Amino acid sequence: MTTDDADKLAALDAQCFKQADAWNSGDFFSAAMDANFAFVVGERGGEIVACAGAEISADQAEVETVAVAPEFRGRGVGKKLLAELLDVLTGRGVTFVVLEVRPSNAAAVKLYDSFDFQIVERAENFYGDEDAWIMVREF
Ligand SMILES: CC(C)(COP(=O)(O)OP(=O)(O)OC[C@H]1O[C@@H](n2cnc3c(N)ncnc32)[C@H](O)[C@@H]1OP(=O)(O)O)[C@@H](O)C(=O)NCCC(=O)NCCS
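Cut-offs and rules
- Residues numbered from 1 in each chain as written.
- Predicted model: local features only at pLDDT ≥ 70, side-chain atom pairs only at ≥ 80, totals over all residues.
- Heavy atoms only, no water.
- Near = heavy atom within 4 Å.
- Polar contact = N/O pair within 3.5 Å; in protein donor to acceptor, adjacent residues only side chain to side chain.
- Helix = DSSP H or I, 4+ residues; strand = E, 2+ residues; numbered from the N terminus.
- Nonpolar A, V, L, I, M, F, W, Y, C, P; charged D, E, K, R; others polar.
- Pairing = 2+ DSSP bridges.
- Axes fitted to C-alpha atoms, helices over the stretch in contact; angles between N-to-C directions.
- Contact = heavy atoms within 4.5 Å.
- Phe/Tyr/Trp six-rings, centres within 6.5 Å; stacked < 30°, edge-to-face > 60°.
- Buried < 20%, exposed > 50% of the residue type's maximum accessible area, 1.4 Å probe, protein only.
- Lys NZ or Arg CZ within 6 Å of the ring centre and 35° of its normal.
- Salt bridge = Lys/Arg side-chain N within 4 Å of Asp/Glu carboxyl O.

Participant: What's the story with the site of the ligand in this structure? I'm lost.
Facilitator: Around the ligand lies a shell of 20 residues, among which Val66, Gly74, Gly76, Lys79 and Asn105 are the nearest. Taking Val66, its main chain carries an N or O atom lying 2.7 Å from a nitrogen atom of the ligand. Contributions of two or more residues to the shell around the ligand are made by strand S3 (60-68), helix H3 (77-91), strand S4 (96-101) and helix H4 (106-114). With 5 residues, the single largest contributor to the shell around the ligand is H4. Within the shell around the ligand, the residues separate by chemical class into 11 nonpolar, 4 polar and 5 charged.

Next comes the structure, spelled out in structure tokens:
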């Protein structure tokens, strides 16, 4: 991800998340400038169709987003991007990864489950309109 991608990534997020959960272009611009963030993007024909990103703090990281444009879902893109992101994180010395997910988000829960993330906690009313499962994976 570069700062030039910020507007496209905000447009992708708007397609993928409820307004309250989506990042705007300023959020992506700041993350692109910040060495504590690691983002990977998927492109097709010069357009960004997917992204995954995390914030790193010493040897721990929190997955902030995994998003695939609706027309590209169900083809393994999410898995490929998450694998790539985890490679980047472990390459930077991360040994513990945490994320939050809506229990109703079956596709995301299955994605994380397939990478051996374990549910460790239910955070009540985390999203305002729903609880979150906290999932972790150690390397
Ligand atoms: C979650 C998301 C990133 C998955 O991306 P994707 O490219 O469709 O995922 P993949 O094709 O790589 O599939 C990953 C796994 O999820 C499963 N899956 C995909 N869509 C599914 C669905 N609608 N329901 C249940 N499982 C689903 C796949 O079968 C696969 O598991 P498997 O290998 O065990 O069969 C995508 O649905 C998305 O962008 N959703 C909106 C944003 C979002 O909710 N992100 C997660 C925030 S925590």
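Participant: Explain the sheet that holds strand S1 (residues 37-44) to me, please; I cannot follow it from the model alone.
Facilitator: Hydrogen bonding along the main chain pairs the strands of a sheet, whether they run parallel or antiparallel. Taken in spatial order, the 6 strands of this open sheet run S1-S2-S3-S4-S6-S5, and their pairing is mixed. Each end of this open sheet is capped by a strand with a single partner; those strands are S1 and strand S5 (118-123). Recorded for the sheet is a direction-independent mean angle of 25° between the axes of neighbouring strands. As judged from the 6 bridges shared by S4 and strand S6 (residues 132-138), these two strands associate in the antiparallel manner. Across the sheet, residue Leu99 finds its bridge partner in S6, namely Met135. The strands touched by H4 within the sheet are S3, S4 and S6, with S4 carrying the most contacts at an inclination of about 165°.

Participant: Any chance you could explain the packing of aromatic side chains here in plain terms?
Facilitator: The description of an aromatic ring pair uses the distance of the two centres, along with the angle that the planes make with each other. Throughout the structure, instances matching the rule amount to 7 aromatic pairs. With 5.0 Å between their ring centres and 80° between their planes, Phe126 and Tyr127 make a pair best called edge-to-face. A relative accessible area of 42% places Phe126 in the partly exposed class. Taken together, the aromatic side chains of Trp23, Phe28, Phe37 and Phe39 make up a single cluster linked through ring pairs. Taking NZ or CZ as reference, Arg102 lies 4.3 Å from the ring centre of Tyr127, over its face.

Participant: I tried to follow the pattern of salt bridges on my own but got confused; where do I start?
Facilitator: Side chains that carry opposite charge are capable of pairing whenever their charged atoms lie near each other. Inspection of every chain in the model, using the stated rule, returns 5 salt bridges. A salt bridge links Lys18 to Asp129, with the shortest nitrogen-to-oxygen separation between them at 3.0 Å. Within this pair, whereas Lys18 is found in the loop between helix H1 (6-16) and helix H2 (25-33), its partner Asp129 is found in the loop between S5 and S6, the two being separated by 111 residues in sequence. With its nearest N and O atoms 3.0 Å apart, the salt bridge here joins Glu130 to Arg102. You can see Glu130 sitting in the loop between S5 and S6 and its partner Arg102 sitting in the loop between S4 and H4, a full 28 residues away along the chain. Here Arg102 falls in the buried class, since its relative accessible area comes to 11%. Taken together, the salt bridges that share partners define one network made up of Lys18, Asp21, Arg102, Asp129 and Glu130.

Participant: Sorry if this is basic, but what is going on with the environment of Ser104 here?
Facilitator: For Ser104, the location among the structural elements is in the loop between S4 and H4. Classification of Ser104 by relative accessible area gives exposed; the value is 53%. Residues Ser104 and Asp4, spaced 100 residues apart in sequence, show a C-alpha to C-alpha distance of 33 Å.

So, to be careful, I would describe these as geometric facts and stop short of saying anything about function.
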